[in-house]
Structure formats: structure tokens, C-alpha cells
Amino acid sequence: MHDDVRRNQATWNAASADYQRRNAARLPTDDPTWGVWGIPERELQVLGDVSGKDVLELGCGGAQWSIALARRGARLTGLDLSEAQLAFAREQVKAAGVEVRLVHASADDTGLPSSSFDLVFADHGAPGFVDPARWVPEAARLLRPGGLLAFNAATPWLHACWDPERKAMGDRLVASYFGMRRFEDATDGAEPSMVEFMLGYGDWLRLFLANGLRVVDLLELRAPEDAWTTYTTYAPPEWARRWPAEQIWKVEKAG
Ligand SMILES: C[S@@+](CC[C@H](N)C(=O)[O-])C[C@H]1O[C@@H](n2cnc3c(N)ncnc32)[C@H](O)[C@@H]1O
């Protein structure tokens, strides 16, 4: 396991109980919502009809999304690196009375068979915490031809405007855009030992193309007017009304 992955694993194990308590209201298991502003899937329609599909959630945390999709008739695998998050997920799955296979692995080295999923997705799951040069090829390997990879994560805007000195989001560019890749202590003062990853738009595009993935859409999420969030150290709602703080890439494996 790479040092960054190991470091994030320790941080997520330590943060899990507090994370689940703080975010409980934003993690429904029936009507799933995207991101820190809780925008419903029923509005965004990112995943479409999942019934009968083999679906993998990368960085499932407490498996709330996985449970919601299992309830819609999909065959779910929830994968996470953190033992503490998976222990919470196991309880949630049992309480929900649905079938979700839980896998303990890192998103860049899953050990799962090639071409075994119709949909690989994440909502602020593993993609922000693993080097994209490592997890994107693994996701592409796991998808069947024609399968969809959809993931919500932070944006280059967010990382460029994060001021590590003040540990706050500003309205000025601070970090360099060119060469953007690995951040320590970025965008979340609450979890200081986290390592995060983000690429510029051209770098994302070339990485997808190099792995046989065609871009279907890029949804830049705007905070709703009445936005509220349990992520107090993320961008404030008024910031995210002006600039995109989250983005959902939808890319498809060549059929
Ligand atoms: C911000 S949480 C999001 C979890 C879930 N999607 C949710 O909305 O609550 C990020 C999750 O990614 C997991 N994670 C971080 N790095 C990972 C990796 N390399 N492989 C798999 N999971 C990882 C963490 O353990 C954590 O559960």
C-alpha cells in the first residue's frame, strides 16, 4: 500500500465515528443525494436506472449510497479502505435488510475481477484520496464495455482558492493550477492529516482518454439558494453559489 493511502486509512479510521455522527442527516439510505449540499439524485439523474446492474461504490463509507441503490434493484459492492467505516457500513446494511457486498481494499488495487461492473461510482469517496493515475486505470479495468464511471469530487477551483495559512476558503487564487495533483492538509481543516488529489481539466481528459474512457458529461454543482451543509470547513454556500466547489464527471468505457 502506498504511503498516502496508508496515511489516509489511519485518518479515516480515526475520523469515522465523528464523520458518521456529523453527517447523518446528509446521508439518507432511501432518497440518495450528491455532495455537501445534498442535491438529490432524482434531480440530477446522474446514474439513471440501476435496476439489475452490477454496481461498485468506491469509498462507500457507511454504505448509505450503496443501500439506497440496492433498494432500487442493483447488485451492490461497497468498497472502502477504512475498517472503522466498513464496521459502520456493516451495521447499516444489516439494519436496512438489503444485500450489499462490502470489500476492504484500496480503490487503486481492488483485487476484483476485470469487466465485472456496469457502473462504478463515488460521492466524495475514494477518488479524492487516491492518485488518479492509479485509481482511474483500476476503475476502467473493472468496467464492462459501455459501462459508466461517475464520481463527485472537489474542483480545481476549490483547491486553487484554499488558503492553507488561514485554513479557510478565499475568493483569491492561492495554489497553482498548472501541475495540480497532490495536496496535504487541503480543503478540510477538520481532518488535518489527509492527503487529497485533484487534477486540472486537461489532465483529467487525457487520463480518461488514455484509459479508454469517453467523457459523457461534466456536471458542475452549484449550491442551491437555501443551501446548508454539515461540512463546515468546505466552501461556504455563498462561495459555492459563485464558483463550482464540486463536480461530477461521467465517463463511459468504450463499448
Ligand atoms: C468523504 S468519505 C465519503 C464516504 C461516502 N461516500 C459518504 O458520502 O459518506 C470518503 C471515504 O473514502 C474512503 N477512502 C479513502 N481513501 C480510500 C481508498 N484509497 N480506497 C478506498 N476507500 C478510500 C474513506 O475511508 C471514506 O470512507
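This one's a predicted model, so the numbers in the text were calculated from it and none came from an experiment.

Engineer: Talk me through the site of the ligand; I want residue IDs and the actual numbers.
Structural biologist: The environment of the ligand is formed by 21 residues, the closest being Tyr19, Asp80, Gln85, Ala107 and Asp123. Residue Gly59 places a main-chain N or O atom 3.3 Å away from a nitrogen atom belonging to the ligand. In this structure, an oxygen atom belonging to the ligand sits 2.6 Å away from a side-chain N or O atom of Asp80. Calculation on the ligand without its partners gives an accessible area of 590 Å², and the protein chains cover 97% of this total. Looking at the shell around the ligand, the elements that each hand over two or more residues are α1 (3-23) and β4 (75-80).

Engineer: Account for the packing of α1 against helix α4 (residues 83-96), with residues named and values stated.
Structural biologist: The geometry of α1 relative to α4 is characterised by a closest axis approach of 7 Å and an angle of 40° between their N-to-C directions. One way to sum up the angle between α1 and α4 is to call them oblique. From α1, Gln9, Trp12, Asn13, Ser16, Tyr19 and Gln20 reach across to α4, where they touch Glu83, Ala84, Gln85 and Phe88. Tallied by class, residues from the contact of α1 with α4 come to four nonpolar, five polar and one charged.

Engineer: Go over the sheet that holds strand β12 (residues 213-221) with me, naming the residues and quoting the values.
Structural biologist: Strand order in the open sheet formed by seven strands is β5-β4-β3-β6-β7-β13-β12, and the pairing between neighbours is mixed. If you trace the sheet from one side to the other, it starts and ends with β5 (100-104) and β12, each paired once. Neighbouring strand axes in the sheet, compared pairwise and without regard to direction, differ in orientation by 15° on average. Across three bridges, strand β3 (residues 54-58) lies against strand β6 (residues 117-123) in parallel orientation. Note that in β6 the partner of Leu56 across the bridge is Val120.

Engineer: Now, about the nonpolar core: what can you tell me, with residues and values included?
Structural biologist: Within the largest apolar cluster, 77 residues are counted, with the highest numbers of intra-cluster contacts made by Leu47, Leu58, Trp135, Leu149, Phe151, Trp204 and Trp239. Not counting residues within four places of it along the chain, the set of residues in contact with Phe151 comprises Ala122, Pro127, Trp135, Trp204, Phe208, Gln247, Ile248 and Trp249.

Engineer: Residue-level account of the pattern of salt bridges, with values.
Structural biologist: Summed over all chains, the structure comprises 17 salt bridges. The partner of Arg75 in a salt bridge is Asp54, and the shortest N-O contact between them spans 2.8 Å. Of this pair, Arg75 sits in strand β4 while Asp54 sits in strand β3, placing them 21 residues apart in sequence. What makes Arg75 partly exposed here is its relative accessible area of 46%. Its relative accessible area of 15% is what places Asp54 among the buried residues. Glu138 serves as the salt-bridge partner of Arg141, at 2.9 Å between the closest nitrogen and oxygen. Of this pair, Arg141 and Glu138 both sit in helix α5 (residues 132-142), separated by three residues, roughly a single helical turn. A relative accessible area of 28% places Arg141 in the partly exposed class.

Engineer: Residues and numbers for the pairing of β5, please.
Structural biologist: As paired strands, β4 and β5 are joined by five bridges and run parallel to one another. The partner of Asp80 across the bridge, within β5, is His104. Handedness of the β-α-β unit built from β4, α4 and β5 comes out right-handed.

The rules behind the values
- Throughout, residues of each chain are indexed from 1 in the direction in which the sequence is written.
- Note on the predicted model: pLDDT of at least 70 is required for a residue's local features to be given, and 80 or more for side-chain atom pairs to be given and counted; whole-chain, interface and lining totals, by contrast, use all residues.
- Computation of side-chain values: all heavy atoms of the structure, hydrogens and water removed.
- When at least one non-hydrogen atom of a residue lies within 4 Å of a molecule or strand, that residue is treated as near it.
- In protein, a polar contact means a hydrogen-donor-capable atom and an acceptor-capable atom, both N or O and within 3.5 Å, with residues adjacent in sequence counting only if both atoms are side-chain atoms; elsewhere, any N or O pair within 3.5 Å suffices.
- Note on areas: these come from Shrake-Rupley sampling with a 1.4 Å probe, and a residue is covered only by the protein chains present in the view.
- The way it works is that DSSP assigns letters per residue, a run of H or I at least four long becomes a helix, a run of E at least two long becomes a strand, and they are numbered from the N terminus.
- Axis geometry follows a simple rule: fit a line to the C-alpha atoms, using only the stretch in contact for helices, then measure angles between N-to-C directions, giving values from 0 to 180 degrees.
- An angle below 35 degrees is read as roughly parallel, one above 145 as roughly antiparallel, one from 65 to 115 as roughly perpendicular, and any other as oblique.
- We call two residues in contact whenever any of their non-hydrogen atoms come within 4.5 Å of each other.
- By the convention adopted, Pro, Cys, Tyr, Trp, Phe, Met, Ile, Leu, Val and Ala count as nonpolar, Lys, Arg, Asp and Glu as charged, and the other residues, Gly among them, as polar.
- Criterion used throughout: strands pair if DSSP finds at least two bridges between them.
- The nonpolar core is taken to be a set of buried Ala, Val, Leu, Ile, Met, Phe, Trp, Tyr and Cys residues, with the residues joined through side-chain atoms within 4.5 Å.
- Partly exposed residues are those whose accessible area sits between 20% and 50% of the maximum for their type, while under 20% is buried and over 50% is exposed, using a 1.4 Å probe and protein chains only.
- For this document, the term salt bridge refers to a Lys or Arg side-chain nitrogen within 4 Å of an Asp or Glu carboxyl oxygen.
- With the strands pointing away from the viewer, any crossover whose connection runs clockwise from the first strand over the helix to the second is right-handed.

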